[in-house]
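# Geometric and topological summary
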Amino acid sequence: MFYLTHLNRCALCGDGGERLCLPCRADISRNRPTIQCPVCAATVTANGLCGTCVKKPPFFDRTVTAQIYKPPLSFLIRRYKYGDGWQLSSLLAKFLPPPPPTNSVLAVPLHPARERWRGFNQSRELAREIFGPSPANDKRILRVANTAPQTNQPNTAARKKNVRGAFQASDKLNGLSVLVVDDVMSSGATLNEIAKTLKKAGVKTVTNFIVARAP
């Protein structure tokens, strides 16, 4: 059960005193991966690229995260996205690692119809917490197709097909190194399609900056 209506209670367990109590914060912190692929942030057993990135390199160049998408963090993120939990953006932003240097920051866009339905863009709110209002109001990357939710797709191939051609990027990004902010990276299909679109617009490098990576 979540306790968002009580601002002096933990959003996960309901204990009083803090929006996220120390035991729940400690539980989330224990989800940190030991070794990650530097490109897609998949958990690996030895330093270096994962097998997938060796066989078929994605369009993005790097993924930066410090958490694995598993309970209790996954509960918090789902509540944030699907339960009118935009108030949790400041809590989730605390689990992002220090941002790497970049020329420009973009938030993963939602289609306007999806954003109206949800009431906010979760990636934009996270970007606002870390970088201020500029990336929150940035229109240099747009979602031009109102695709079905990725969570409804049965596999990675379907996810890739679902978002193909879904984004449009401005040529004002030409020559820049871009940081793309999102909450969760699962298959990576959405972020890869965004990176593909950005590279076509002349972006030099694309780094994903995410709260959590699915195991």
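Here the structure is a predicted model, which is why all the values come from computation and not from measurement. (Residues numbered from 1 in each chain as written. Predicted model: local features only at pLDDT ≥ 70, side-chain atom pairs only at ≥ 80, totals over all residues. Heavy atoms only, no water.)

Further remarks concern the nonpolar core. With 31 residues, the main nonpolar core has Leu20, Leu76, Ile77 and Val211 as its most contacted residues. Residue assignment for this core shows that the elements contributing at least two residues are α1 (22–29), α3 (73–82), α4 (89–93), β2 (104–107), α6 (122–131), β5 (177–185) and β6 (205–213). Excluding residues within four positions of it along the chain, leucine 20 makes contact with Cys10, Leu12, Arg25, Ile28, Leu76, Leu91 and Phe95. Counting residues in hydrophobic clusters, the runner-up holds 26 residues, among them Cys37, Ala189, Val203 and Ile210. (Core = buried A, V, L, I, M, F, W, Y, C linked by side-chain atoms within 4.5 Å. Buried < 20%, exposed > 50% of the residue type's maximum accessible area, 1.4 Å probe, protein only. Helix = DSSP H or I, 4+ residues; strand = E, 2+ residues; numbered from the N terminus. Contact = heavy atoms within 4.5 Å.)

Structurally, the position occupied by asparagine 208 is in strand β6. Within the structure, the side chain of asparagine 208 is placed 3.1 Å from the side chain of threonine 63, a separation counted as a polar contact. Once residues lying within four places of it in the same chain are set aside, the contact partners of asparagine 208 are Phe60, Arg62, Thr63, Val64, Val180, Met185 and Leu191. (Polar contact = N/O pair within 3.5 Å; in protein donor to acceptor, adjacent residues only side chain to side chain.)

Time to look at the sheet that holds strand β1 (residues 62–64). Note: strands within a sheet are paired through backbone hydrogen bonds, in either parallel or antiparallel orientation. Reading across from one edge, β1-β6-β5-β2 is the order of the four strands in this open sheet, with parallel pairing throughout. Two strands lie at the open edges of the sheet, namely β1 and β2, each paired on one side alone. In this sheet, adjacent strand axes meet at a mean angle of 30° when their direction is disregarded. Against the sheet, α6 touches β2, β5 and β6, its axis set at about 120° to β5. (Pairing = 2+ DSSP bridges. Axes fitted to C-alpha atoms, helices over the stretch in contact; angles between N-to-C directions.)

Summed over the entire model, instances satisfying the criterion amount to two aromatic pairs. Their ring planes at 55° and their centres at 5.5 Å tell us that tyrosine 80 and phenylalanine 120 sit as a pair that is tilted. One end of the pair, tyrosine 80, is in helix α3; the other, phenylalanine 120, is in the loop between α5 (112–118) and α6, and 40 residues separate them in sequence. With 6.1 Å between their ring centres and 65° between their planes, phenylalanine 131 and phenylalanine 209 make a pair best called edge-to-face. Taken together, the positions of phenylalanine 131 in helix α6 and phenylalanine 209 in strand β6 put the pair 78 residues apart, joining distant regions of the chain. (Phe/Tyr/Trp six-rings, centres within 6.5 Å; stacked < 30°, edge-to-face > 60°.)

Spatial relationships are all this shows, so hold off on functional conclusions.
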